[in-house]
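Single-letter residue listing:
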Amino acid sequence: MRIERDIDYEHLSLLEQVLDLQPTSDPTEFKCLCPFHSERNPSFYINFEKKVFHCFGCGIGGTLARLLKLLKLEPQAERVSDETKASIYDVLQAAQLFFRDQLRCNEDARRWLKERGREHFRDRFGLGYAPSDPKALKEALSNFPDELLIRSGLFGKSLYPVLRNRITIPIHDENGKLIGFAGRSIDDSEPKFLNTRNSVVFHKRLVLFGMNYASSLLEKNRGNKELWIVEGYFDAMHLLYHQLPAVALMGTALTPTQAHKIVARLRALQRNIAVVFGLDPDHAGLDAMINAALSLLTFQVPVRVVLLDRDPDEISIERLKSMPRLSITAAFVEYLIRRRPVPTSAAKLLLRLPDTIRKNVWALMNTKIKVFGTEYMRAIHKCFEDEKRRQPKRFSPNLRGDFFELVVAAAIDRIFDPKTDLDDIDVTAILPDRLKRVYQFAIGEKVHLSEDEEQLYAKLALSRPFIVSKEILLNGIRKAYWHRRIREILDEFAKNPTQENAERLRPEYQRATQEFEKLRGVDTDKLLNFAEFFDSMFNS
């Protein structure tokens, strides 16, 4: 499956603005705490390929369209005309020209860059300066209406500029379009970094700084086999300036949309490129590194980790190139040694690891038991088992016991195609009424589901029933169909038990019994258990 094609980016980007989505073993599926009931462990699952959600705690579920309505996140509310977007781009471009001019005129700002060895970034990355005067930017953009200035993200609702007395860093989307700014204070006031407000063209959880530059380097130089992920803007600039592809997280953890964008970009290049994490060596940086690496593991993208002893932009490029790349297993164990998180936190991270990697981590930890200490290791094991038991049940416990629900779930998963795999068999004929419309919806027919049917559809879509093989499932459907057809023929004859009707129904009855006997070699008469005179009429 090509993730970049199947994922529903619009819904993903909308929902992750209000939900703390966590990756699962399926790269198109995420889990989080249910927004509709109180819980401590995530039991709310969203699948963006199947476009469904279901909470295995409270039972609410349905299509993504219904979820957006429940959360009041209608996509239409986020859509604006191309003309409005173009106007916002014009505002941002005019602001960029103003900031660039201000940097040329402000000695303090230029000195700040020079003293920190960042002066060479000025022209390469379009750095500028936002003056302290709160009226300056508004006056420079006086040709634009106030409403547009607010919508651009440069100003608050009172038309007070977001960035003041800061070095400005233009932020572009993956196509190179200017969409917003970051600002670094030059007097060390807090926060040190500040972004312009979210707008219809910019949301910092959905954007990676430097993606446009990194994409260009990867395309132009096939010798580049790595994409670095770093934490800060200047870290990324340091690498990019020296021709190493890099992106920055802009002060947030790696989000699902960002992870999908990275994977889509790497796969579009059609060559093997590893993702290298080189985040800040403090506790926050180590936490971000492990969580970000785990987010990408589900995509089967090569992931390597470089454990730094200082911020990336303080390390020479030659040394960065030569530093050892660790596997996620080795990096995880090293993380535990350096960070030494409380056993509960360690256990929760271990639960997020794929089984094979988790086994390797346990094995490596056992070789370092003197480093960890026996008591700490036992505590992690105990917390791991406790956390594992507390995890919400991901699968529906009753699904395997209902053959017809299994059939619909398999149709949703496209395990079979009724048109090519079942010839002229009508699957809806064997389904109970509560499942008929759900099945029709699953195979793409235009039917409107009730709220209860939507919830059932979502539950089945996320249950992933175990099926021995496709052929066993198809044979089960065929058996159910021909058994039902035999009963229907007998019922029809019972209403009019004449010789003429028997002759008319005999060919259908013979075919139905023959097809059924192919699938189950039993005595048809005993199976049907109908009155003897019915059977004698059909077999005379």
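Please read all numbers here as calculations on a predicted model, not as lab measurements. (Residues numbered from 1 in each chain as written. Predicted model: local features only at pLDDT ≥ 70, side-chain atom pairs only at ≥ 80, totals over all residues. Heavy atoms only, no water.)

Draft legend 1. Representation of the confidence of the model for the protein. Of all residues in the protein, 89% attain a pLDDT of 70 or more, and the chain-wide mean is 86. Here residues 1-5 scores under 50 on pLDDT; set against residues more than four positions off or in separate chains, the count is 13 contacts. When the criterion is pLDDT under 50, residues 521-540 qualifies, and its contacts beyond four places in sequence or with other chains add up to 35 contacts. (pLDDT = per-residue confidence, 0-100. Contact = heavy atoms within 4.5 Å.)

Draft legend 2. Representation of the side chain of Asn501 within the structure. Note on placement: Asn501 falls in helix α25 (residues 499-519). A distance of 3.0 Å separates a polar atom in the side chain of Asn501 from the backbone oxygen of Asn496. Filtering out sequence-adjacent residues up to four positions away, Asn501 remains in contact with Glu492, Phe493 and Asn496. (Helix = DSSP H or I, 4+ residues; strand = E, 2+ residues; numbered from the N terminus. Polar contact = N/O pair within 3.5 Å; in protein donor to acceptor, adjacent residues only side chain to side chain.)

Draft legend 3. Structural detail: empty space enclosed by the protein. Per the stated rule, a full pass over the model turns up one cavity of 30 Å³ or more. One number sums up the size of the largest cavity: a volume of about 30 Å³. As for the largest cavity, its lining consists of Phe99, Ala130, Pro131, Asp133, Ala136, Leu137, Pro161 and Leu163. In terms of residue class, the lining of the largest cavity is built from seven nonpolar, no polar and one charged. (1 Å grid on protein atoms, 1.4 Å probe; cavity = no way out; pocket = protein on both sides within 12 Å on 5 of 7 lines; lining within 4 Å. Points joined across faces, edges and corners; volume = space filled by probe spheres on them. Nonpolar A, V, L, I, M, F, W, Y, C, P; charged D, E, K, R; others polar.)

Draft legend 4. Molecular detail of the packing of aromatic side chains. Counting across every chain of the model gives 19 aromatic pairs. Between Phe372 and Tyr376, the aromatic rings sit 6.1 Å apart at their centres with planes inclined by 20°, giving stacked as the arrangement. Exposure class is identical for Phe372 and Tyr376. Each is buried. Here the aromatic cluster, defined as three or more aromatic residues joined through ring pairs, consists of Trp112, Phe121, Phe125, Phe193, Phe209, Tyr213, Tyr233, Phe234 and Tyr241. If you follow Arg118 out to its NZ or CZ, it ends over the ring of Phe234, 4.1 Å from the centre. The ring of Tyr376 is capped by Arg340, whose NZ or CZ atom sits 4.1 Å from the centre of that ring. (Phe/Tyr/Trp six-rings, centres within 6.5 Å; stacked < 30°, edge-to-face > 60°. Buried < 20%, exposed > 50% of the residue type's maximum accessible area, 1.4 Å probe, protein only. Lys NZ or Arg CZ within 6 Å of the ring centre and 35° of its normal.)

Draft legend 5. Quick peek at helix α19 (residues 374-390). Counted at 1.5 Å a residue, the expected span for α19 with its 17 residues is 24 Å, and the 24 Å between its end C-alpha atoms agrees. Burial in α19 covers these residues: Tyr376, Met377, Ile380, Cys383, Phe384, Asp386 and Glu387. Buried residues along α19 sit in contact with α16 (343-352), α17 (355-367) and α18 (369-372). (Expected span 1.5 Å × (residues − 1).)

Draft legend 6. Layout of the packing of helix α10 (residues 211-220) against helix α12 (residues 256-268). Between α10 and α12, the least distance of the axes is 11 Å, while the angle of their chain directions is 20°. The angle between α10 and α12 falls in the class roughly parallel. Handedness of the α10/α12 crossing: right-handed. Each of Met211, Ser215, Leu218 and Glu219 in α10 lies in contact with α12, whose residues at this interface are Lys261, Ile262, Arg265 and Leu266. Residue composition of the contact of α10 with α12, grouped by class: four nonpolar, one polar and three charged. (Axes fitted to C-alpha atoms, helices over the stretch in contact; angles between N-to-C directions. Parallel < 35°, antiparallel > 145°, perpendicular 65-115°, else oblique. Left-handed = near helix turned anticlockwise from the far one by under 90°.)

Draft legend 7. Representation of the pairing of strand β10 (residues 226-230) within the structure. Most of β10 is tucked away: four of the five residues are buried. Pairing of β10 with strand β12 (residues 274-277) involves four bridges; the strand directions are parallel. Across the sheet, Glu226 pairs through a bridge with Ala274, a residue of β12. Sheet topology places β10 next to strand β11 (residues 246-248); three bridges connect them, and they run parallel. By the bridge assignment for β11, Val230 is matched with Ala248. Once you follow β10 into helix α11 (residues 233-241) and on to β11, the crossover reads as right-handed. (Pairing = 2+ DSSP bridges. Right-handed = clockwise from strand over helix to strand, strands pointing away.)

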